[in-house]
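# Structural description and commentary
Residues per chain, in single letters:
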Amino acid sequence: MAKDLIQKSVEELAPLLESGSLSPVELTKAVLDHAEETQDTINAYMTIYRDEAEHAAREAEKEIKNGNYRGMYHGIPMALKDNLYFKGKVTTMSSKIHKDFIPEDDATVVSKLRDAGVIFTGKLSMHEYAWGITNNNPHYGPVRNPWDTDKIPGGSSGGSGAAVAVGSSVASLGTDTAGSIRIPSSICGIVGLKPTHGRVSKYGCYPLAWSLDHIGPMTKTIKDAAGMMDIISGYDAKDPTSVDTPVGQHLERIKGDVTGVVIGVNEEYFFNEVDNDVDQVVRGTIKALTDQGARVEVVKIPTLKYAEWAELVTSLSEASTIHHEDMLKRPQDFGDDIRMLFELGELPSAVDYLQAQQVRRQLKQEFHEVFQKVDVLIAPTLPVVASKIGEDTVDLNGKQVDLIDNIIRFTGPSNLTGNPALSVPGGFKGDLPVGVQIIGPAFSEALLLDVGYAIEQTNPMKNRKPALLTRA
């Protein structure tokens, strides 16, 4: 029974919890047991809150029995990335410098999930200060990919991706500055949504680069992500980047009907230098959508050729500003990889930074114009699949190329523009998952999820699960 429970999605578990045929206590115990059993192998967790979670599960059970069911996520056990603040709980950012940091407030997303009845099972590992894509952490060890434990889970939300994929958290949240929700979601074979910038409050999230950061769901299914978006979306006066705009219901709009949807395809950038098998998976997904009534239009976005430079200058400059004082006082306490990045971040001039913002403005305008002609863009989430832990290069059609440069190529532009972007499982290259990315106009999360649902309904993963999950 426990093996079956940890494989289920929120949309499968919620009716069982609401009806009383499944107890939050039983579910939470199954998830916690599995988290502890897989921790030595996967290393997804920073901290497991066993006592607190079991207490919260008993309280949730009482509430549901008394008719006070709060909705889809009531009684669902899940852990969150360790840069999201829990009041009175150590929040490390998977760093040495903040290993004893205790926030005074909950992050807004934590408060909203708590109010929705979520049971928090702990905090999940991440690339140190969210500044990397491997989750090979020098202080706490690497997180391992449940599909192949020699491979990276992606990052920086690698603990979240691995935990959801292996069943040690039913769902999770990640943060995304250049792809850190979508990269691990693609690599771990789950759903990951980077919302529109300003849609979800970042209050109580330790920043990496304030103008590029986003928080969003990482889940087993599209409906799980939609249900979480219904909880965490909305204006928050505590976050100066929060946008005060109406929030519709995401879950109720999931129909999976793509009849008449116009899919934009940008060949020059998003299908340039892509692994042949990945390319085949993504084009096959587009064909499956056209078979359901969508149509394709080829589009051009000229400024994309400058996007990687603009993203790099912006993220380096902002991140190095945040960590400037610690870099002066205690540089030896940073991991070697991110210390080098913070040093590089001191080099761009004010002119470089402002030129990057001009590129950003132009890119945003071009995306806006494209979305006057098409409903969504579809592209690979990543041009490659997961690399081995500790390797700085990755195979791209028989050629070894730089891992970091290539793995953020297709995710970074949406952080620059702030457009929502969804990664949904599209299939496999061998035994490794391949993600399909759907990008839309501002505040079109419901549309992206609906298109993602149409993809999900074709069962591109063929019901395959990581071996660690099925033999639990």
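Everything numeric here is computed off the predicted structure, so don't read it as measured data.

Turning our attention to the pairing of strand 3 (residues 119–124). Of all six residues making up strand 3, six are buried, and the element is well covered by its neighbours. Pairing of strand 1 (residues 45–48) with strand 3 involves three bridges; the strand directions are antiparallel. Among the inter-strand pairings, tyrosine 45 is bridged to a residue of strand 3, identified as leucine 124. Across five bridges, strand 2 (residues 77–81) lies against strand 3 in parallel orientation.

Once that is clear, we can look at the packing of helix 5 (residues 108–115) against helix 8 (residues 222–232). With their axes 9 Å apart at the nearest point, helix 5 and helix 8 run at an angle of 110° to one another. In terms of axis orientation, helix 5 runs roughly perpendicular to helix 8. Contact with helix 5, carried on its side by Val109, Lys112 and Leu113, involves Met228, Ile231 and Ile232 of helix 8 and no other residues of that element. Considering only residue class, the contact of helix 5 with helix 8 consists of five nonpolar, no polar and one charged.

This part is about helix 10 (residues 276–291). With 16 residues, helix 10 extends 22 Å between its outermost C-alpha atoms, agreeing within 8% with the 22 Å of an ideal straight helix rising 1.5 Å per residue. Along helix 10, the positions that sit buried rather than exposed are Val278, Asp279, Val281, Val282, Thr285, Ile286 and Leu289. Taken end-on, helix 10 shows its buried residues confined to a sector of 165°, consistent with a single buried face. In helix 10, the exposed positions angled more than 90 degrees off the buried face are occupied by Asn276, Gln280 and Asp291. Of the surrounding secondary structure, the elements contacted by the buried residues of helix 10 are strand 9 (262–265), strand 10 (295–298), strand 11 (376–380), strand 14 (421–429), strand 15 (432–439) and helix 17 (445–456). A distance of 2.8 Å separates the backbone nitrogen of aspartate 277 from a side-chain oxygen at the start of helix 10, and that oxygen is part of aspartate 275.

Calculation notes
- Residues numbered from 1 in each chain as written.
- Predicted model: local features only at pLDDT ≥ 70, side-chain atom pairs only at ≥ 80, totals over all residues.
- Heavy atoms only, no water.
- Buried < 20%, exposed > 50% of the residue type's maximum accessible area, 1.4 Å probe, protein only.
- Helix = DSSP H or I, 4+ residues; strand = E, 2+ residues; numbered from the N terminus.
- Pairing = 2+ DSSP bridges.
- Axes fitted to C-alpha atoms, helices over the stretch in contact; angles between N-to-C directions.
- Parallel < 35°, antiparallel > 145°, perpendicular 65-115°, else oblique.
- Contact = heavy atoms within 4.5 Å.
- Nonpolar A, V, L, I, M, F, W, Y, C, P; charged D, E, K, R; others polar.
- Expected span 1.5 Å × (residues − 1).
- Arc of directions from axis to C-beta.
- Polar contact = N/O pair within 3.5 Å; in protein donor to acceptor, adjacent residues only side chain to side chain.

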